[in-house]
Structure formats: C-alpha cells, structure tokens
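# Coordinate inspection notes
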Amino acid sequence: QVQLVESGGRLVQAGGSMRLSCTGSGRTFGRYAMGWFRQAPGKEREFVAGITWSGARTYYADSVQGRFTISRDNAKNTMYLQMNSLKPEDTAVYYCAAGDILYRIASAYEYWGQGTQVTVSS
C-alpha cells in the first residue's frame, strides 16, 4: 500500500513553467507504475502522463506532448511533472496515481493523491 501527496500547484501566467511533485509513503513506491491525471471543472478526469516503475518508459497525452515531462526518483519516493509553455486550458486539479500496470484509464489505478490546483491565467 502507498499513500500519495501532490505539491507544487499554483497560479502562473500563460507561457510559464511549473513542476509538480508527488511523494509516496512506504517502501513499495518503486514497484508501481505511476501516472498524472487532471480534472477541470465540469470535465472528466483525463490522463496526462505516465511512467513505468523503473522510469524506463514514459507516455503522454497528445495535448501535453512536447511541453510536459514526467520523471521519478524511486530513492526519494517521488515523481515529478515538469510543465512548460503552460496554456489556460491546462488549468485543472492535477492528481498523481499509482497502479500495477501503466494505463491511460483512471479506473486502472489503485492509489490516488488528494490533488493540487494548477491555474494558468491568460
């Protein structure tokens, strides 16, 4: 079992950058595939990026490809999402999630953080 806590969300102007962190408790953090999802008001939760347990493979939604970078440091039990060239449409609550296998579907993940608000002003 792992508990996840996101941090780093804030208000930023369009074109700016931000790095989100997701810190996990427990010694099993490095065993899980991890993902970042986001949910804007009135919309469904959507996949943003994912990373395998070792960090060897990463996957991105088309909408963030080339702007966002997912990474992890298992020694620190932490996953990151570096977000560059932010757009107003990136505004959402961002969640990190952990699961046995990397999927683009939220229901496939067993553990979730509480979310962190990212707001991009135009």
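Described in the following lines is the structure provided in the data block. Bear in mind the structure is a predicted one, so any value in this text is a computation, not a measurement.

What the rule picks out here adds up to six aromatic pairs. Seen in terms of ring centroids, phenylalanine 37 and tyrosine 109 are 5.3 Å apart; in terms of plane orientation they differ by 75°. Their pairing is edge-to-face. With phenylalanine 37 in strand E4 (residues 33-39) and tyrosine 109 in the loop between strand E9 (92-99) and strand E10 (111-112), this residue pair connects regions lying 72 residues apart in the sequence. Note on accessibility: phenylalanine 37 and tyrosine 109 belong to one class, buried. An aromatic cluster of three or more residues is present, and its members are Phe37, Phe47, Tyr95, Tyr109 and Trp112.

Moving on to the environment of alanine 61. Positionally, alanine 61 belongs in the loop between strand E6 (58-60) and strand E7 (68-73). Between the C-alpha atom of alanine 61 and that of alanine 49, which follows or precedes it by twelve residues, the distance is 6.2 Å. In this structure alanine 61 touches Phe47, Val48 and Arg104, once residues within four positions along its chain are discounted.

We now examine the pairing of strand E11 (residues 116-121). Burial along E11 is one-sided: the face carrying Thr116, Val118 and Val120 is buried and the face carrying Gln117, Thr119 and Ser121 is not. Here three bridges tie strand E2 (residues 11-13) to E11, and the two strands are oriented parallel to one another. Bridging from a neighbouring strand, valine 12 pairs with valine 120 of E11. Bridging between E9 and E11 involves three bridges; their strand directions are antiparallel. Bridged to tyrosine 94 within E11 is threonine 116.

Reading the values: rules and limits
- Residues numbered from 1 in each chain as written.
- Predicted model: local features only at pLDDT ≥ 70, side-chain atom pairs only at ≥ 80, totals over all residues.
- Heavy atoms only, no water.
- Phe/Tyr/Trp six-rings, centres within 6.5 Å; stacked < 30°, edge-to-face > 60°.
- Helix = DSSP H or I, 4+ residues; strand = E, 2+ residues; numbered from the N terminus.
- Buried < 20%, exposed > 50% of the residue type's maximum accessible area, 1.4 Å probe, protein only.
- Contact = heavy atoms within 4.5 Å.
- Pairing = 2+ DSSP bridges.

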